[in-house]
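One-letter residues, chain by chain:
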Amino acid sequence: MRRVLPLLTVLGLLAGCTQSATSQQPPGLADRGTAVTTAKPTRQDLTNKVSLGGKVALGPTFGLVAPIDGEVRYLDVKAPTGTPTKPTKVANIWAGGKLTAVEVPAGAAFAGRLVEDRSKVTAGMPIVSARQVGYGIVADIDGAQAYQVSDTLQSVTAQVKSGPGPFACTVLGTLAALPAGVIPEPKPPAPNPSASAAPVLPPPPGQQQQPSESTGMRLVCVGPADVKLINGAAATVEVITAKTVGALVLPVEAVAGSHGKGQVEVVKADQSREIREVTLGLTDGKVIEIKSGLTEEETVAVPGPNIPAAKGGQGVPGMGK
């Protein structure tokens, strides 16, 4: 009997070791019983759209930017007596002894200088404000949308709530926020010693120029001439910033990251997993373009990998937008 007890004890220890060894999973595999949802990349056309809320406005203000780096030199601009039918030259940018003209487009009037005369300016900096004669559509842009719409505007479509549309809407000027415009007083003519001095009279009331007020970031566009607009009517503006044909895409839930860089969790044939760096492209909110780092034959886990969190926090899975 004394010999049997030690033998049973040894057998029990061996059985425990065997059970513990068999319960361990190879590294890189999901736990037993874990339901794994996966997805494979597919190909489709993608259009990147941004929807903005706006309204119809009478005489909206927009900004014109410096076309090149250089020194701005403003011209004295007289107030128009009617709707300008030709572009109005308002400034020159001097660089390397050459000048580049800045013009307010036809259908709009000069509304103010945005920087000091002879200031150094850079390409893309707002330097002149202008006021559209007639109706336009103004859509405010918040900080989260700023970089989505600032680079490229392939097309802009507007829809007036309970009114006309959708119709193509031509963008005026820049999307950047504008400071208040300044319109200097007209310079008196040079004195003529041989003539008696004549008083300098102010311009008639109908020809006085009103400088523009400051604005936030916004998009200003005008629709076709035959579209009937009502001042103050609510509108929606849809901006298409980019298009791609036959893009390799994944559901946004399968991708972590944004702004060009991301990660996916690749599931291999033996069910082991690998965190893979990928280059991201366009997204429509449902799928996101994978520009490099993954092939059509590979499979990824859904949701995607967790984004590392700060100390004491939790990771955020599958942030594909």
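Residues numbered from 1 in each chain as written. Predicted model: local features only at pLDDT ≥ 70, side-chain atom pairs only at ≥ 80, totals over all residues. Heavy atoms only, no water.

1. Things to note about the overall build of the chain
So the rule is basically this: By definition, any uninterrupted DSSP run of H or I lasting at least four residues is a helix, any uninterrupted run of E lasting at least two residues is a strand, and each is numbered from the N terminus. For every residue, the accessible area obtained with a 1.4 Å probe (protein chains only) is divided by the maximum for its type, and the residue is called buried under 20%, exposed over 50%, and partly exposed between those limits. Contacts between residues were defined by any pair of non-hydrogen atoms, one from each residue, lying within 4.5 Å. Here, Shrake-Rupley sampling with a 1.4 Å probe gives the accessible areas, and only protein chains in the shown set may cover a residue.
The secondary structure content of the chain amounts to two helices and 22 strands. Going through the 321 residues of the chain one by one, you find that 34% of them count as buried. Across the chain, every contact between residues at least 6 apart in sequence was considered, and the portion connecting residues at least 24 apart equals 73%. Carbon together with sulfur atoms contributes 55% to the accessible area of the chain, which is approximately 19,500 Å² in total.

2. Things to note about the pairing of strand β2 (residues 42–58)
This is how it is decided: Here the rule is simple: two strands pair whenever DSSP picks up at least two bridges between them.
Where β2 lies against strand β15 (residues 234–251), 13 bridges are found, and the strand directions are antiparallel. Pairing of serine 51 across the sheet is with glutamate 238, part of β15. Examined bridge by bridge, β2 and strand β10 (residues 135–140) share five bridges and lie antiparallel to one another. Across the sheet, the residue bridging to valine 56 is isoleucine 137, located in β10.

3. Remarks on the state of the cysteines
The criterion, for reference: What counts as a disulfide here is a pair of cysteine sulfur atoms lying within 2.5 Å.
Counting across every chain of the model gives one disulfide. What pairs with cysteine 169 in a disulfide is cysteine 221, and their sulfur atoms sit 2.2 Å apart. Because the sign of the S-S torsion sets the handedness, a value of about 85° for the bond joining cysteine 169 and cysteine 221 places this disulfide among the right-handed ones. Separated by 52 residues along the polypeptide, cysteine 169 in the loop between β12 (167–168) and β13 (170–172) and cysteine 221 in strand β14 (residues 218–222) bring together distant segments of the chain. One exposure class covers both cysteine 169 and cysteine 221, and it is buried.

4. Concerning the sheet that holds strand β4 (residues 70–74)
In spatial order, the strands read β6-β5-β4-β8; together these four strands make up an open sheet with antiparallel pairing. Each edge of the sheet is formed by a strand with only one pairing partner; in this case those strands are β6 (98–104) and β8 (120–121).

5. Structural notes on the environment of glycine 82
Locating glycine 82 in the fold gives a position in the loop between β4 and β5 (88–95). Between the alpha carbons of glycine 82 and glycine 107 there is a distance of 9.6 Å; along the sequence they are 25 residues apart.

6. Things to note about the sheet that holds strand β7 (residues 108–113)
What counts, and what does not: Every angle, taken between N-to-C directions, lies between 0 and 180 degrees, and every axis is a line fitted to C-alpha atoms, over only the stretch in contact when it is a helix.
Pairing is antiparallel in the open sheet, where three strands are placed in the order β3-β9-β7. Taken across any chain shown, the strands that pair with only one partner, and hence form the sheet edges, are β3 (61–65) and β7. Averaged over neighbouring strand pairs, the angle between their axes works out to 35° when direction is ignored.

7. What about the nonpolar core?
One broad trend across soluble globular proteins is that nonpolar side chains are buried collectively. To keep things clear, this is the line we draw: By nonpolar core is meant a set of buried Ala, Val, Leu, Ile, Met, Phe, Trp, Tyr and Cys residues that side-chain atoms within 4.5 Å join together.
Phe62, Val72, Val90, Ile93, Val104, Ile127 and Val128 are the most contacted members of the largest nonpolar core, which has 22 residues in total. Secondary-structure elements contributing two or more residues to this core are β3, β4, β5, β6, β7, β9 (126–132) and β14. With sequence-adjacent residues up to four places away left out, valine 90 is seen in contact with Tyr74, Leu75, Val77, Val102, Val104, Phe110 and Val128. In this structure, Ala139, Leu219, Cys221 and Val239 belong to the second largest nonpolar core, which totals 20 residues.

8. Observations concerning the pattern of salt bridges
Definition in use: In the sections that follow, a salt bridge refers to a side-chain nitrogen of Lys or Arg positioned within 4 Å of a carboxyl oxygen of Asp or Glu.
Scanning all chains against the criterion turns up eight salt bridges. Glutamate 265 serves as the salt-bridge partner of arginine 273, at 3.5 Å between the closest nitrogen and oxygen. Taking the relative accessible area as the measure of exposure, arginine 273 reaches 28% and is therefore partly exposed.

9. Things to note about helix α2 (residues 143–150)
Keep this limit in mind: What the arc describes is the spread of directions from the helix axis to the C-beta atoms. Any N or O atom pair separated by 3.5 Å or less is treated as a polar contact, with the protein-specific requirement of one donor-capable and one acceptor-capable atom, and with residues adjacent in sequence counted only for side-chain atom pairs.
Listing the buried residues of α2 in full gives Gln145, Ala146 and Val149. In a view along the axis of α2, the buried residues occupy a sector of 125°, so they form one face of it. Facing away from the buried side of α2, by more than 90 degrees, are the exposed residues Gly143, Ala144 and Tyr147. Looking at the packing, one finds that the buried side of α2 touches β2, β10 and β15. The distance from a side-chain oxygen at the start of α2 to the backbone nitrogen of glutamine 145 is 3.0 Å, and the residue carrying that oxygen is aspartate 142.

10. Focus: the environment of alanine 233
Note on placement: alanine 233 falls in the loop between β14 and β15. Along the backbone, alanine 233 and serine 162 are 71 residues apart, and their C-alpha atoms lie at a distance of 9.0 Å. Look past the residues within four positions of alanine 233 in its chain and what remains in contact with it is Gly54, Lys55, Val56 and Val160.

11. Digging into the side chain of serine 119
Looking at the element boundaries, serine 119 is found in the loop between β7 and β8. Beyond its immediate stretch of four places on either side in the chain, serine 119 contacts Gly70, Glu71 and Val72.

12. Overview of the pairing of β3
The buried fraction of β3 amounts to four of the five residues, a majority that puts the element mostly inside the structure. Strand direction decides the pairing type here: β3 and β9, joined by five bridges, are antiparallel. Along β9, the bridge assignment pairs glycine 63 with serine 129.

13. Things to note about unusual backbone geometry
Following glycine 165, the chain continues into proline 166 via a peptide bond in cis, with omega recorded as 0°. For glutamine 271, which is not glycine, the phi dihedral falls at a positive 70°. Mapping glutamine 271 onto the fold places it in the loop between β17 (261–267) and β18 (273–283). Residue glutamine 271 is classed as partly exposed on the basis of its relative accessible area of 44%.

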